[in-house]
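Residue strings, one per chain:
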Amino acid sequence: MALRYQDHPALLSFGLCNELGAGFLSFSDTALKRYREWAKDRYVTIQALNHAWAGQRWSRKIGSFEDIDFPVDADVKGSPERYLDMRRFFSDEMISYIRTLRDTVRCAAPKVPISTNHWAENPAAGFDYNKAYESLVDFSGQGFYPGINPEDENGIIGACFCMDHRMAEFTVPNWNLEFQTGSFGGYAAPRGAMRMYAFLTFAYGSQAVLAWTWRSMLGGEEQYLFGLLDHDGEPGFKYYEMKQIAADV
């Protein structure tokens, strides 16, 4: 796809992956095998691993790397040393994945910038974005979701904090690759609020707002979300407000 569209006149950049870091962790046998290999590469000897994991506590010493298991069950997360390394492993896996994807796209389309609306802060999965951000993308990206109620201070503050994280990482502008147009069952913010939110992102130094979504979905769970075009394909007032934002820019 990158090879086919690299010279398309309407192409601005490639988005690598939608919300990397969202979703849930896998504790499958395949993931466990990779975790054991990761631990062996990190510690080399089982003695070094036992020292790092405080294996002397409660007779937790491990006899071999094959005895490693994920330190989670339905009730507890286990000792913090083991849990921290498990989260480091999953983080490294995600970073390795997006780097491979980045390299693939750059090989096929070397002149096209790359961005992604990652979700490194996601509490269920997430990853250590600060460890690798400089090598992942050309422009940092995010989803800007302040909610559709301008009186909800928590929603606005949360969206702005996310922008703060992105703006602190790069000297280039931030792109709002998902810019809220509607919500689950909520048609829109009051008239004028979407334009206000757009100017708020620009005040922070962002450069782009891309509506999520253009047309309201016709299938799947995201049809509960409302886009610039309604489910029948007709423009709602949000379409004309986004048109005004574009004219302002």
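As shown above, the structure is provided for reference.
The structure reproduced in this document is the subject of the present report. It should be emphasised that the depicted structure is a prediction, and the values quoted were computed from it without experimental measurement.

Reading the values: rules and limits
- Residues numbered from 1 in each chain as written.
- Predicted model: local features only at pLDDT ≥ 70, side-chain atom pairs only at ≥ 80, totals over all residues.
- Heavy atoms only, no water.
- Helix = DSSP H or I, 4+ residues; strand = E, 2+ residues; numbered from the N terminus.
- Buried < 20%, exposed > 50% of the residue type's maximum accessible area, 1.4 Å probe, protein only.
- Contact = heavy atoms within 4.5 Å.
- Areas by Shrake-Rupley, 256 points an atom, 1.4 Å probe, with all protein chains shown as cover.
- Lys, Arg positive; Asp, Glu negative; His and termini not counted.
- Charge placed at Lys NZ, Arg CZ, Asp CG, Glu CD.
- Pairing = 2+ DSSP bridges.
- Salt bridge = Lys/Arg side-chain N within 4 Å of Asp/Glu carboxyl O.

If you tally the helices and strands in the protein chain, you get seven helices and five strands. Taken from the N to the C terminus, the helices and strands of the protein chain come in the order α-β-α-α-α-β-β-α-β-α-β-α. The principal-axis extents of the C-alpha atoms in the protein chain amount to approximately 65 × 40 × 35 Å. Counting every position in the protein chain, which comprises 249 residues, the buried fraction comes to 41%. In the protein chain, once contacts between residues fewer than 6 apart in sequence are set aside, the share between residues at least 24 apart is 70%. Carbon and sulfur atoms make up 54% of the accessible area of the protein chain, which amounts to about 14,400 Å² in all. Measuring between centres, the 24 positive side-chain charges of the protein chain sit 6 Å from its 32 negative side-chain charges.

The next point concerns unusual backbone geometry. For the bond running from Trp212 to Thr213, omega is 10°, close enough to zero to count as cis. Inspection of the secondary structure assignment puts Thr213 in the loop between β5 (206-212) and α7 (237-248). Non-glycine residue Ala54 carries a positive phi angle of around 55°. For Ala54, the position within the fold is in the loop between α3 (46-52) and α4 (80-108). With relative accessibility at 15%, the residue Ala54 sits in the buried group.

The next thing to look at is the pairing of strand β3 (residues 139-144). Burial of β3 is extensive: five of the six residues sit out of reach of the surface. In the sheet, strand β2 (residues 114-116) pairs with β3 via two bridges, with the strands oriented parallel. Bridge pairing in β3 links Thr116 to Ser140. In the sheet, β3 pairs with strand β4 (residues 174-180) via four bridges, with the strands oriented parallel. Note on β4: the bridge partner recorded for Phe144 is Phe179.

What follows concerns the pattern of salt bridges. What the rule picks out here adds up to eight salt bridges. A salt bridge links Lys131 to Asp92; its shortest N-O distance comes to 2.9 Å. Of this pair, Lys131 sits in the loop between β2 and β3 while Asp92 is found in helix α4, placing the two residues 39 residues apart along the sequence. Given the relative accessible area of 54%, Lys131 is considered exposed. Overall, Asp92 belongs to the partly exposed group, its relative accessible area being 23%. Within this structure, Arg42, Asp85 and Arg88 form a network of salt bridges that share partners.

Keep in mind that these numbers describe shape and distance, not what the molecule does.
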